[in-house]
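Coordinates in review
This is what each chain is made of:
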Protein chains: 2
Amino acid sequence: MSEFELDARIARDSDLVTALDLCQLRIQNDSRWPWLVMVPQRSGLTEIFDLSPAEQALLSVEVNRVAAALKTVTGATKINVGALGNIVRQLHVHVIARFEGDPNWPGPIWGFGQSVTYEEQQKQDFLNKLVEALS
Amino acid sequence: MSEFELDARIARDSDLVTALDLCQLRIQNDSRWPWLVMVPQRSGLTEIFDLSPAEQALLSVEVNRVAAALKTVTGATKINVGALGNIVRQLHVHVIARFEGDPNWPGPIWGFGQSVTYEEQQKQDFLNKLVEALS
């Protein structure tokens, strides 16, 4: 297996929060909605079923754990989970906290409008709570 | 646990293909893209992490198996998998075959335009291949 290398667009649009056993947990630089991106640290994969069965199971555990923590921390109306990859082919899973009345509620967030940069303190406060909920 | 009852909107917009161990596998009545909907046969749940850990694992196995079969049958450019539920709250997972140049490529399919009814033979041919790939 060749060494894992993060897609350049994912690297540009998100920051590393922490590395889990399988996935990099990253936060998208878009304050319109709490938006996490999980990237299995495996090279050359585009579909979830490209992972080994054991890694598919681990991905499920990690995504669901992060989704539950995100719900706890944000009190979101609904958590949205999606693996699309139509633009960025490196396998990645989005986990987003959605609220009634958010900028594209109840539509999907992908491809909608322009991202809005976080204030650094706002992002740090959110991530501190998230990491605590995950620990 | 109360008896499973399918959400009325899901029942209206999709047809049952087969019942797996956990999920109803359904086909959305929209010929613009091969679009499957998987509904865990459990009542009162809205988030994947509302399932028991064993059922979360089973959901992952079933969704990934269906996604791989859908890729095989359609030769799709990319499989999109998503659990949104902003409109229909009953827990369900979308599995969609996407192609470069399809009506909203590379954007998401949710909330886009109007559905286009299948010709019955076209739908049946697709489902025959899908069920064979799953068996």
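Bear in mind the structure is a predicted one, so any value in this text is a computation, not a measurement.

Another aspect to go through is the interface of chain A and chain B. Contacts between the two partners involve 28 residues from chain A and, on the opposite side, 28 residues from chain B. Both faces considered, chain A and chain B share a buried interface measuring about 2500 Å² in area, 56% of it formed by carbon and sulfur atoms. Taken as a group, Phe 49, Lys 78 and Asn 86 of chain A account for 25% of the area that chain A buries against chain B, more than any other trio of residues on that side. Run the count over chain A and chain B and you get two salt bridges.

Time to look at unusual backbone geometry. Following Trp 105 of chain A, the chain continues to Pro 106 of chain A via a peptide bond in cis, the omega torsion being -5°. By the secondary structure assignment, Pro 106 of chain A is in the loop between β5 (93-98) and α3 (120-134).

With that settled, the discussion passes to the relation of the copies chain A and chain B. Superposing chain A onto chain B takes a rotation of 180° combined with a translation of 0.0 Å along the rotation axis, leaving an RMSD of 0.0 Å. Classification of the inter-copy transformation places it as that of a two-fold axis. By C-alpha distance to the rotation axis, the residue of chain A lying nearest is Gly 82 of chain A, at 2.0 Å. When you check the interface residues of chain A against chain B, 100% turn up at the interface there too, and the contact is symmetric in its surfaces.

Here the focus is the packing of aromatic side chains. Per the stated rule, a full pass over the model turns up three aromatic pairs over all chains. With a centroid separation of 5.8 Å and 40° between ring planes, the pair formed by Trp 110 of chain A and Trp 110 of chain B is classed as tilted. Here Trp 110 of chain A, found in the loop between β5 and α3, pairs with Trp 110 of chain B, found in the loop between β5 (93-98) and α3 (120-134), and the two come from separate chains. The class for Trp 110 of chain A is buried, based on a relative accessible area of 10%.

To continue, consider helix α2 (residues 53-74) of chain B. The end-to-end C-alpha distance of α2 of chain B is 31 Å, a good match for the 32 Å that 22 residues give at a rise of 1.5 Å each. Residues Glu 55, Gln 56, Leu 59, Ser 60, Glu 62, Val 63, Asn 64, Val 66, Ala 67, Ala 69, Leu 70 and Thr 74 of chain B constitute the buried set of α2 of chain B. If you follow the buried residues of α2 of chain B, they end up packed against α2 (53-74) of chain A together with β2 (23-28), β3 (35-40), β4 (78-83), β5 and α3 of chain B. Of the residues flanking the end of α2 of chain B, it is Gly 75 of chain B, one or two places downstream, whose phi is positive at about 65°.

With that settled, consider the sheet that holds β3 of chain B. The ten strands are arranged β1(A)-β2(A)-β3(A)-β5(A)-β4(A)-β4(B)-β5(B)-β3(B)-β2(B)-β1(B) in an open sheet whose pairing can be described as antiparallel. In the strand order of this sheet, the two ends are held by β1 (14-19) of chain A together with β1 (14-19) of chain B, each with one partner. Within this sheet the neighbouring strands show an average axis-to-axis angle of 25°, counted without direction. Direction of pairing for β1 of chain A relative to strand β2 (residues 23-28) of chain A: antiparallel, over a ladder of five bridges. Directly across from Thr 18 of chain A, in β2 of chain A, lies its bridge partner Leu 25 of chain A.

In this numbering, the UniProt entry assigns the feature "domain: HIT" (unreviewed entry) to residues 36-105 of chain A. Span residues 36-105 of chain A is 31% helix and 24% strand, its end C-alpha atoms 18 Å apart.

Scoring rules and cut-offs
- Residues numbered from 1 in each chain as written.
- Chains lettered and ligands numbered in written order.
- Predicted model: local features only at pLDDT ≥ 70, side-chain atom pairs only at ≥ 80, totals over all residues.
- Heavy atoms only, no water.
- Contact = heavy atoms within 4.5 Å.
- Buried area = accessible area lost by both parts, 1.4 Å probe.
- Salt bridge = Lys/Arg side-chain N within 4 Å of Asp/Glu carboxyl O.
- Helix = DSSP H or I, 4+ residues; strand = E, 2+ residues; numbered from the N terminus.
- Least-squares fit on C-alpha atoms with pLDDT ≥ 70 in both.
- Phe/Tyr/Trp six-rings, centres within 6.5 Å; stacked < 30°, edge-to-face > 60°.
- Buried < 20%, exposed > 50% of the residue type's maximum accessible area, 1.4 Å probe, protein only.
- Expected span 1.5 Å × (residues − 1).
- Pairing = 2+ DSSP bridges.
- Axes fitted to C-alpha atoms, helices over the stretch in contact; angles between N-to-C directions.
- UniProt positions renumbered as here; feature names shortened; annotations may be inferred.

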